[in-house]
Amino acid sequence: MRLSNFFLPVLKETPSEAEIISHQLMMRSGMISQSSSGIYSWLPLGLKVLKKIENIVRDEQNKAGVNEILMPTIQPADLWKESGRYDDYGKEMLRIQDRQEREMLYGPTNEEQVTDIFRRSIKSYKDLPTLLYHIQWKFRDELRPRFGVMRGREFLMKDAYSFDLDHDECKKSYYKFFISYLKTFRRMGLKAIPMAAETGPIGGDLSHEFVIISETGESDIYFDKRILSEDSKIEDVAYDNDLEQVVQQYNNYYTASDEKFDQTEFDNNVAKDQQTKSKGIEVGHIFSFGTKYSEAMKANVLTSEGKQAYVHMGSYGIGISRLVGAIIESSHDTKGIIWPNVVSPFDIGLINLKSSDEKINNICNDIYSNLLNENVDVLYDDKKDNPGVKFSKMDLIGLPLQMIIGNKTIETNEVEIKYRKSGEVKYIKVENLPNFVQEIKKSSAI
RNA sequence: CGGGGCGUAGCGCAGUCUGGUAGCGCAUCUGGUUUGGGACCAGAGGGUCGCAAGUUCGAAUCUUGCCGCCCCGACCA
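So, here's what we can say about the structure. (Residues numbered from 1 in each chain as written. Chains lettered and ligands numbered in written order. Predicted model: local features only at pLDDT ≥ 70, side-chain atom pairs only at ≥ 80, totals over all residues. Heavy atoms only, no water.)

## A look at the sheet that holds strand β4 (residues 74-76)
Okay, so step 1: Strand order in this open sheet of 3 strands is β4-β6-β5, and the pairing throughout is antiparallel. The open sheet has two edge strands with one neighbour each: β4 and β5 (94-97). Here the average twist between neighbouring strands, direction ignored, is 40°.
Okay, so step 2: Here β5 pairs with strand β6 (residues 103-106) via 4 bridges, running antiparallel. For Gln-97, the partnering residue across the bridge sits in β6 and is Glu-103. (Pairing = 2+ DSSP bridges. Helix = DSSP H or I, 4+ residues; strand = E, 2+ residues; numbered from the N terminus. Axes fitted to C-alpha atoms, helices over the stretch in contact; angles between N-to-C directions.)

Shown next as structure tokens:
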């Protein structure tokens, strides 16, 4: 993409309504545009990142054997009356009426909807487990939206639902998602800590929040430092292994959020030098809730003994739009965003420092089309701005690697390579560039 | 929902106390000179001062009502 064709409304100054760094940087880099409180439009740069994150989440769900579906944003109130949540949910739920004055709602979550889908077609234990997920926009009319996309009212979420014959089977599904979440966040370059969470009426150990450590996180978290090195091999864990064992390795470490924290418990379970306190952002939440919805909504199957049994369910969320903000919170510097390679909106930023110079233009055009031929997603700054403008803009939007061509480099027939994260600079002869591109593609450096 | 703050040009702000017909920086447009870290010179465009009613000869400024946005708190992926 040529920058001259790219809709990228960057701001030199920080809009006054943006308080936290990710919100500021998303506004300044032209990723989003606020529509109303907690509701945003996604502009090209932001949308590219959102899609990349979405696709990683999707890929990992598929690999875990979960089926993608797509449920509606607008749901009938009747389903929610069946589960009893129509009255329980409160003002967070946006209630609307259609032209026939039927009561509808903009879905804040999808347990009812998915349970309805399940009960219509699954009647036998032989069809279990059933694992479904979708990636859809949700709306929760928060009392106070804030932090940009980190706590918006409208947000994109992956939510998955499991249906199993009994509690033991349900646990297996739960573990599957547990592992898939570790893999998912790992792939995005994030260190996510699974923290035991409130389990509600079911009890047991079947609820975890996945929290990213971030200086600017919302809540205080306490944990055993050793859990950070636990997921070093998580990519290699196959789903047909005994997952309980793997999950148990994580559960062995003490973790607690602010509300649950207890200093005595901390001291008893964790050696002083391993005790860590940090700030965290919740990016995922998994829990199982037994037969709560299946009983209310009559979702049952026949067992091998020919008896009716209510299915045991679990639900598993990942905040996709929130992750965009969360990643920026954990990866930026004073100049702007530093995207992890896998979610970066472009692989490479190509900077033409003097677009009034025909010779430099020709070199840049060649490099640009060669990169495109190699399937490298490149943003080519072909505009007539001053060098300073180009440098700061490219630093702001945070592409992992910059290729810079100007008078200085063509004298020696070189291209300047600059890594956004480390600031490391090196020079490559123009004729060696194809080799260099092959190398970085192979090494996943972009 | 309780407490606080703010709405003046695309963005950041001054002007409001003390009423007299709107200004600064950046951005934008035109011409020219520039081109390795947010350039320079000359010129130009852009605002019913959030909306409505009221007070007044006269309202961005005073009064009342409404709307929107942000921050702190309680609550959530």
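## Looking at helix α6 (residues 167-187)
Okay, so step 1: With 21 residues, α6 extends 30 Å from end C-alpha to end C-alpha; this agrees with the ideal 30 Å at 1.5 Å per step.
Okay, so step 2: With a side-chain oxygen lying 3.1 Å from the backbone nitrogen of Asp-168, the N-terminal cap of α6 falls on Asp-166.
Okay, so step 3: Positive backbone phi, at 80°, marks Gly-189, one or two positions downstream of α6. (Expected span 1.5 Å × (residues − 1). Polar contact = N/O pair within 3.5 Å; in protein donor to acceptor, adjacent residues only side chain to side chain.)

## What to know about the sheet that holds strand β21 (residues 401-405)
Okay, so step 1: As summarised here, the arrangement of the 5 strands in space is β20-β19-β21-β22-β23, forming an open sheet in which the pairing is mixed. Two strands bound the open sheet, and with one partner strand each, they are β20 (378-381) and β23 (425-429). Strand after strand, the sheet turns through a mean of 25° between neighbouring axes, direction not considered.
Okay, so step 2: Pairing between strand β19 (residues 348-352) and β21: 5 bridges, direction parallel. Residue pairing in the sheet places Leu-350 in a bridge with Met-403 of β21.

## Looking at the protein's contact with RNA strand B
Okay, so step 1: In the vicinity of RNA strand B there are 44 residues, among which Arg-144, Glu-282, Asn-386, Glu-416 and Lys-418 approach most closely.
Okay, so step 2: Counted by atom, the contact set of RNA strand B within 4 Å of the protein is 43% sugar and phosphate.
Okay, so step 3: Between RNA strand B and Arg-146, the relevant distance is 2.7 Å, taken from a base nitrogen to a side-chain nitrogen or oxygen of the residue.
Okay, so step 4: Residue Gly-152 places a main-chain N or O atom 2.8 Å away from a base nitrogen belonging to RNA strand B.
Okay, so step 5: The leading source of residues in the surface near RNA strand B is helix α12 (residues 387-397), at 6 residues. (Near = heavy atom within 4 Å.)

In short, geometric facts, not functional conclusions.
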